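Below are the chains, spelled out letter by letter.
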Amino acid sequence: MKKIVVSSLDKKSGKSVVEIAIGKCLNKKIGYMKPIGSNPVHKGKKIIDYDTLLFKEIFDIDYSSEEMCLGLHHSKILHFYPDAKKEFMKRYEKLSYGKEFFMIEGGEYIWDGAFIGMDALSLASMVDAPLIFVLSGDYYEILDKLCYVEKISKKAGIIINRVRENVEEIEKEVLKRKMKFFGYLPYIEELKKIRVSYLAEKIFAKVIAGESGLNKEIENVFIAALSAPEIKRHPDFGKGKKLIITGGDRTDVITACLEEDTSCILLTNNIVPPTTIIAKANEKEVPLLSVRQDTYTVAKMIDGLQMAILPDEKKKIEEIGKAGRKYLKIDEIVS
Amino acid sequence: MLDLLFNPRSVAVIGASHHEGKIGHTLLRNIILSGYKGKIYPVNPNGGEILGLKVYKSMDEINDEIDLALIVVPANVAVNTVEDVAKKSKFAVVITSGFSEIGNIEGEKILIEKARKYGMRILGPNVFGIYSGIAPINATFGPSEVKKGNIAIVTQSGALGIAMIGKTAEENMGLSAIVSLGNKSDIDEVDVLSYLFKDDLTKVIFLYIEGMKNGREFLNLLSKRPGEKKIIILKSGRSKVGARAVASHTGSLAGSDAIFSAAFRQAGVLRAESLEDGLNWVTTIALSPEPVGENVVIVTNGGGLGVIAADACEKYGLRLFDDMEILKKTFQDVIPSFGSYRNPVDITGQARGEDYKKALERAFQEDSIHSILALYCEAGDLTPQEIEKAIIETHPKYNKPALYVIFGGKGASNLIKSLNMRGIPAFSDVEDAVSSLYALYKVCEKPEESKFEEIGMNEERIREIIDNVIKEGRDKLLSNEAKEIISCLNIDVPSFAVAKNIEEAIYHANKIGYPVAMKIISEDIIHKTDVGGVVLNIDDEKEIVEAYEAIMENCKRNAPKAMIRGVEISKMVEKGVETIVGATTDDSFGKVIMFGLGGVYVEVMKDVSFRIAPASKNEIRKMIKEIESYPLLEGVRGEKRKDIESVVDAIYRIGMLVTKFDEIQELDINPLMVYEKGVKVIDARISIKVKK
């Protein structure tokens, strides 16, 4: 069985996307673990790691999310598993049995889990698996990260994610350091879309209208802080599949947005618009989400959101697979 | 004491003018024309004579004590001369504008300081003057003709006040006083009302205000007013809550207008929604005796109009008399066989003047009928003249409230005018008449005595908690601190404990007993649900651990800068009716308490009512009934009635708490769960005032 540990230096580098790409390129029985969870989603009275759910669905893994992840918070992990390493190995043995290719994902940051021996470097050492770092950013950011990875793990493999240019130069730098370059994934436009229902759950928004539109996709975000006439003139307003963020008392703006290609309107400061607006939103099937926070706070929350791939977003998964087949050096990864 | 303001023995007009049309001339003329019997001293540096009166060049030339000075010189001159005026006069009415209303706060401040140096009180500045029936004196620059009567008008708007003088004259309303408050730099509505409550001429007061600084003082005064004095208030400026940052649901729901309405209701003062209503109501109240009971009878010559009136009575909650036996006995023999003695009593369109008069007489004479709405449709053979005769021959003989609706063309309009001139309340619109009758009943309601009983309150512990919070430099209490304070009031707070880690959380949960709830404790997280800081229905140790993880992760991601103090473990309670009890601090009225439908949607539904704290239990019972969802407490769809008295008690205790501890700025208990027996506090929030 071939195994890898996938890590990154910082969050939102795209580890999950790279792992899906690798998995989709292989015609093998895939296994997956993420010892320290980082993308919480509610399941009843507890939280589980979303990525474990996703991988379970995509690769038809017959173990539960809870088994694939020890926990998201150290307090819980230490409470249940004073010897976290022992527990990890026990689960690894169980989950990898019968699998042909096994991926272990590190925490959000390179140091995540270091206190309990669950950081990526420790994981790779425990299972004796090659470490692959996923790096993203602009050209110089990637080079900086590359140099840092060289300092901590010279034998690591490198995959660049979300890259738009300078791939050959980066490859040269990797090879110059006698590290392995396993290819790259380009910026995949499809991945920037986010479903309204996912957003609502992540920011604890109340759905006050347009429930039938919760499956709509958001591609663009627009903060409507101008008057309605000015907003209509703004170039970004013309973009489709918009998420509009505005105060609930901005009835003029809301009305204007309901006439456009708007996927969702997020109303801030807990202000609920009049019933006429609510009725119109229902009619147009445009969800109105209400949050208590102000515009700035909620915009920051959305910006900080980890964009998710939902299991039923076939197109996204397909695009990732396609990109992987084209740009990743799969043979080298599995050899 | 404002006696000499309203009944001065001598008046000086500083800025009296030789030129007709100028305010200084009109003032003087009005004083003379009003039949004022005291001494009048016009003052103008040019001297001479105005309207037959000697003009003094300065105050110094007047060799007499002045009770009232009217200042009508430009603002800068007023500031310079006020000291000379104050040396001689007890009161000044500063007609002059150009002070705080245009931002000249400094000028107004100097004016007052100079006046105060000599103990002179100031009405204004920026007023149209004062009319007082007792003197009599018309010291205004409005219309000269003011009919003497028993209605007092106190207004913050100058232009509106002058217009009202004209309108009252047109409607033949007799006035005991008109006072223009203007900028209220010294004398305000509290002072004026204190006087009017003692004025024998005044029966009913119409107060128009836009804002109020000393709301609580005003409320205290109103609650002590003599029973025979009736007040109608028109307050404008229904603005939203001001720019003050608020952290509580109560604070965000307590707009200034809602608080004013609550205050008026609490003081038993009726608030008019429009100027038209206000003036109709005061006229009716001034002209009508107090009804001795609730029974209203409608007498009409038009069935349709009668039905409209009946609907309006239902809308206003007036009781239509329905004792068929008495109605039959009273009216059967004075109406045609095809008429109806049911209420509305329909004497039919074929009735003549005599028939109308008979029906009216019967209504007046029957003791079980306490007030009458008499309707006339200008139709058929019954002419306005006949109706007029019927009414004027009947109405004055009896001491029972009767209002008339005259509906028709020019004849009807003339009839209304004629009746009003005779002091008989007549209207062209049914709704106006019915609302006026409602107002009469409302103002005659005997206010209940406010009783306040002591509650057992662990004041020492409450003080300790608050002092500790202040010492830590916080202005928001942690939820466990707030709950502890509430429990010091002997309001039922389910067991709770604070845990700083998983082990403590397990320990406390086991001690309290499952199921439990877990909530984040942080002064930086006001609305815990919004950040995923609450997990309910935790059934065992494993779930405690999972819940702890969920809460910590959620707060780390959604409130990364929040100071986390731990988690609160509390006993889960059964579902009941979720209500909210709150308190906030209003700039004018001080502490205000709130009750309403609670839960996370409280700011969406806004189904709440307010009172000024402290409120008696009787007042709180009324407060609770005002919310739309009140039927939920009474029991709907087979559910049993909830323990409303426990809710009353809880609100009462909160009112006493915030009255006693002035540092408490805002307080929310949301939800207060209400059951068939008892109430429980599920969550509480308190913020305090920290002195800088």
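Source: prediction; values computed, not measured.

The rules behind these values
Residues numbered from 1 in each chain as written. Chains lettered and ligands numbered in written order. Predicted model: local features only at pLDDT ≥ 70, side-chain atom pairs only at ≥ 80, totals over all residues. Heavy atoms only, no water. Salt bridge = Lys/Arg side-chain N within 4 Å of Asp/Glu carboxyl O. Helix = DSSP H or I, 4+ residues; strand = E, 2+ residues; numbered from the N terminus. Buried < 20%, exposed > 50% of the residue type's maximum accessible area, 1.4 Å probe, protein only. Patch = residues over 30% accessible without salt bridge, like charges linked within 9 Å, V, L, I, M, F, W, Y side chains within 5 Å. Areas by Shrake-Rupley, 256 points an atom, 1.4 Å probe, with all protein chains shown as cover. Contact = heavy atoms within 4.5 Å. Buried area = accessible area lost by both parts, 1.4 Å probe. Polar contact = N/O pair within 3.5 Å; in protein donor to acceptor, adjacent residues only side chain to side chain. Nonpolar A, V, L, I, M, F, W, Y, C, P; charged D, E, K, R; others polar. Expected span 1.5 Å × (residues − 1). Bend = angle between axes of the 7 residues up to and from the residue. Core = buried A, V, L, I, M, F, W, Y, C linked by side-chain atoms within 4.5 Å. Pairing = 2+ DSSP bridges. Axes fitted to C-alpha atoms, helices over the stretch in contact; angles between N-to-C directions. Phe/Tyr/Trp six-rings, centres within 6.5 Å; stacked < 30°, edge-to-face > 60°. Lys NZ or Arg CZ within 6 Å of the ring centre and 35° of its normal.

Looking now at the pattern of salt bridges. Residues and elements named next belong to chain A. Within the structure shown, the criterion is met by 84 salt bridges over all chains. Of the charged contacts, one joins Glu87 and Arg91 as a salt bridge, the two residues approaching to 2.9 Å between their closest N and O atoms. Of this pair, Glu87 and Arg91 are both found in helix H5 (residues 84–96), four residues apart, which corresponds to roughly one turn of the helix. Across the pair, exposure class does not vary: Glu87 and Arg91 are buried alike. When salt bridges that share partners are traced, they join Glu190, Lys193, Glu217, Glu219, Lys241 and Lys315 into one network.

In this section: a nonpolar patch on the surface. A cluster of nonpolar side chains, contributed by Leu121(A), Tyr148(A) and Ile152(A), occupies part of the molecular surface with about 240 Å² of accessible area. Note on placement: Tyr148(A) falls in helix H7 (residues 139–152).

Before going further, it helps to examine unusual backbone geometry. Omega for the peptide link from Ala135(B) to Pro136(B) comes to -10°, which places this bond in the cis form. Mapped onto the elements of the fold, Pro136(B) is located in the loop between strand E8 (129–132) and strand E9 (137–140). The omega angle of the peptide bond from Ala613(B) to Pro614(B) is 0°, so this bond is cis rather than trans. On the secondary structure map, Pro614(B) appears in the loop between strand E27 (608–612) and helix H22 (617–625). Positive phi values are uncommon outside glycine, yet Asn269(A) reaches one of about 60°. Relative to the helices and strands, Asn269(A) is located in the loop between strand E14 (262–268) and helix H12 (275–284).

As a further point, take the interface of chain B and chain A. The interface is formed by 32 residues belonging to chain B together with 24 residues belonging to chain A. Summing the contributions of chain B and of chain A, the shared interface buries around 2400 Å²; its carbon and sulfur component is 55%. If you sort the residues of chain B by the area they bury against chain A, Asp530(B), Glu549(B) and Arg557(B) come out on top, with a joint share of 26%. Connecting chain B to chain A are six salt bridges. Close ionic contact of Lys45(A) with Asp539(B) constitutes a salt bridge, the shortest N to O distance being 3.3 Å. The tally of links from chain B across to chain A stands at 12 residue pairs in polar contact (both at pLDDT 80 or more). Broken down by secondary-structure element, the contributors of at least two residues to the side of chain B that touches chain A are helix H19 (502–512), strand E23 (534–538), helix H20 (541–558) and helix H21 (602–605) of chain B. Residue contributions to the side of chain B that touches chain A peak at 13 residues, all from H20(B). Looking at side-chain class alone, the side of chain B that touches chain A contains 14 nonpolar, seven polar and 11 charged residues.

Below, the discussion takes up helix H3 (residues 75–88) of chain B. All names here are of chain B. Helix length check: H3, at 14 residues, gives a terminal C-alpha distance of 20 Å against a target of 20 Å (1.5 Å per residue), a fit within 8%. The principal kink in H3, of about 45°, is found at Thr81. Of the residues making up H3, those classed as buried are Ala75, Ala78, Val79, Val82, Val85, Ala86 and Lys88. In this fold, the buried residues of H3 make contact with strand E1 (10–14), strand E5 (66–71), strand E6 (89–94), helix H4 (105–117) and strand E7 (121–123).

This next bit is on the nonpolar core. One finds Ile22(A) and Ile203(A) to be the most contacted residues of the largest nonpolar core, which totals 97 residues. Discounting chain neighbours no more than four positions away, the residues touching Ile22(A) are Ile4(A), Phe101(A), Ile159(A), Leu328(A), Ile330(A) and Ile333(A). Core analysis: the next-biggest nonpolar cluster, separate from the first, contains 63 residues, Leu28(B), Leu68(B), Tyr195(B) and Leu196(B) among them.

Right, let's get into helix H15 (residues 410–421) of chain B. Residues and elements named next belong to chain B. With 12 residues, H15 extends 17 Å between its outermost C-alpha atoms, agreeing within 8% with the 16 Å of an ideal straight helix rising 1.5 Å per residue. The set of residues buried in H15 consists of Ala412, Leu415, Ile416, Ser418, Leu419 and Asn420. Once H15 ends, the next one or two residues include Gly423, with phi positive near 80°.

Residues and elements named next belong to chain A. Here strand E2 (residues 30–33) shows a buried face lined by Ile30 and Tyr32 and a second buried face lined by Gly31 and Met33. Taken together, the four bridges between E2 and strand E5 (residues 101–105) define a ladder with parallel strand orientation. Paired with Met33 across the strands is Ile104, a residue of E5.

Residues and elements named next belong to chain B. On the basis of which strands lie adjacent, the open sheet formed by five strands has the order E2-E1-E5-E6-E7 and parallel pairing. Sheet topology places strand E2 (39–43) and E7 at the edges, where each strand pairs with a single neighbour. Taken over all neighbouring pairs, the strand axes of this sheet differ in orientation by 20° on average, direction set aside. Relative to E2, E1 runs parallel, the two sharing five bridges. Paired with Val11 across the bridge in E2 is Ile40. Strand contacts of helix H2 (residues 23–33): E1, E2 and E5, with the helix running at about 165° to E1, the strand carrying the most contacts.

What follows deals with the packing of aromatic side chains. In the structure shown here, the tally under the stated rule is 17 aromatic pairs over all chains. Taken together, a centroid distance of 4.7 Å and an interplanar angle of 10° make the contact between Tyr109(A) and Trp111(A) stacked. Taking relative accessible area as the criterion, Trp111(A) reaches 53% and is therefore assigned exposed. Ring centres 4.0 Å apart and planes at 10° place the aromatic pair Phe6(B) and Tyr195(B) in the stacked group. Here Phe6(B) is found in helix H1 (residues 3–6), whereas its partner Tyr195(B) is found in helix H6 (residues 189–196), with 189 residues between them in sequence. Taking relative accessible area as the criterion, Tyr195(B) reaches 11% and is therefore assigned buried. Pairwise contacts between aromatic rings join Phe218(B), Phe260(B), Phe264(B) and Phe589(B) into one cluster. A cation sits over an aromatic face here: Lys235(B) above Phe260(B), 4.5 Å from the ring centre. Lying over the aromatic face of Tyr652(B), Lys617(B) brings its terminal NZ or CZ to 5.3 Å of the ring centre.

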